[in-house]
Amino acid sequence: MNNKFMRILSPIQLAVVGILDIAVIGYLIFAIKRLIQNPRTTVIIFTAGVAVALIIAILVTKEVLSHGVKFLDDEMEFTGIDGENIFAYDNIASVETKKDDKASLVKNFVDRQSQIILTLKDGKIVTISIGLTTKSTLKKIADEISARIENK
């Protein structure tokens, strides 16, 4: 099978990062206009601060967009997880998914996170929380894992 990358991006993350990026760009445009009109020390410092905020916004956006599952020929890697994130298809017996979508006013975001549950061939069960995702993203990832472990 071909190498594949599936991005894990929740609609909430996308909205928050997009709004913050637009706000930083707006502040930068405002700061540059002020700098052209009145080049004082405080305006220069403000513009420099907004330029640093733009760099940070670019890095945060890049990090958010890089989270996902990288499917390789013989293993898969969850790029948003620091440790224990690489699994060989030969070691996986089955895959399940879990997503709580029942209406509730008392549950917090952690309770709503999607989970991929891998049962390994040695009997060990690994639960990977991939954050707030849509059902379709979770289903696509589970289907891809299932297809790859069936081929092994």
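Summarised in this report is the structure supplied together with it. Please read all numbers here as calculations on a predicted model, not as lab measurements.

1. Brief notes about the overall build of the chain
Within the chain, the regular secondary structure consists of 3 helices and 7 strands. For the chain, the succession of helices and strands along the chain, N to C, is β-α-α-β-β-β-β-β-β-α. Over its C-alpha trace the chain gives a radius of gyration of 21 Å, far above what one expects of a compact globule, namely 15 Å for 152 residues. Put simply, the chain has 152 residues, and 29% of those count as buried.

2. Considerations on the pairing of strand β3 (residues 75-78)
Side chains Met-76 and Phe-78 of β3 all project onto a buried face; the interleaved residues Glu-75 and Glu-77 project onto a face where none is buried. Strand direction decides the pairing type here: strand β2 (residues 68-71) and β3, joined by 3 bridges, are antiparallel. Paired with Val-69 across the two strands is Phe-78, which belongs to β3. Pairing of β3 with strand β4 (residues 86-88), which is carried by 3 bridges, proceeds in the antiparallel orientation. Pairing of Met-76 across the sheet is with Phe-87, part of β4.

3. Notes on the side chain of Thr-137
In this fold, Thr-137 is placed in helix α3 (residues 135-151). For Thr-137, a relative accessible area of 18% corresponds to the buried category. Looking at Thr-137, its side chain comes within polar contact range of the side chain of Thr-134, at 2.9 Å.

4. Digging into the sheet that holds strand β5 (residues 92-98)
Adjacent strands of a sheet form backbone hydrogen bonds with each other and so pair up, either parallel or antiparallel. On the basis of which strands lie adjacent, the open sheet formed by 3 strands has the order β5-β6-β7 and antiparallel pairing. If you trace the sheet from one side to the other, it starts and ends with β5 and β7 (125-131), each paired once. Adjacent strand axes in the sheet meet at a mean angle of 20 degrees when their direction is disregarded. The pairing of β5 with strand β6 (residues 114-120) spans 6 bridges and is antiparallel. Bridge assignment links Ser-94 to a residue of β6, and that residue is Thr-119. Along the sheet, α3 contacts β5, β6 and β7; its crossing angle with β5, the most-contacted strand, is approximately 170 degrees.

5. Things to note about the layout of surface pockets
Empty space among the atoms becomes apparent when a probe as large as a water molecule is rolled across them. Quantified by volume, the largest pocket comes out at close to 230 Å³. Lining of the largest pocket is provided by 15 residues; of these, Ile-8, His-67, Ser-129, Ile-130 and Gly-131 occupy positions nearest its centre. In terms of residue count, β7 provides more of the lining of the largest pocket than any other element does, 3 residues in total. Residue composition of the lining of the largest pocket, grouped by class: 5 nonpolar, 10 polar and no charged.

6. Quick look at the side chain of Ser-10
With respect to the secondary-structure elements, Ser-10 resides in the loop between β1 (4-7) and α1 (11-37). Look past the residues within four positions of Ser-10 in its chain and what remains in contact with it is Leu-132 and Thr-133.

7. Things to note about the sheet that holds β2
As summarised here, the arrangement of the 4 strands in space is β1-β2-β3-β4, forming an open sheet in which the pairing is antiparallel. Because the sheet does not close on itself, it has two edges, and the strands there are β1 and β4. Taken pair by pair, the neighbouring strands of this sheet meet at an average axis angle of 15 degrees, ignoring direction. Packed on one face of the sheet, α3 meets β1, β2 and β3 and runs near 155 degrees to β1.

Parameters at a glance
Residues numbered from 1 in each chain as written. Predicted model: local features only at pLDDT ≥ 70, side-chain atom pairs only at ≥ 80, totals over all residues. Heavy atoms only, no water. Helix = DSSP H or I, 4+ residues; strand = E, 2+ residues; numbered from the N terminus. Rg over C-alpha atoms; globule rule 2.2 N^0.38 Å. Buried < 20%, exposed > 50% of the residue type's maximum accessible area, 1.4 Å probe, protein only. Pairing = 2+ DSSP bridges. Polar contact = N/O pair within 3.5 Å; in protein donor to acceptor, adjacent residues only side chain to side chain. Axes fitted to C-alpha atoms, helices over the stretch in contact; angles between N-to-C directions. Contact = heavy atoms within 4.5 Å. 1 Å grid on protein atoms, 1.4 Å probe; cavity = no way out; pocket = protein on both sides within 12 Å on 5 of 7 lines; lining within 4 Å. Points joined across faces, edges and corners; volume = space filled by probe spheres on them. Nonpolar A, V, L, I, M, F, W, Y, C, P; charged D, E, K, R; others polar.

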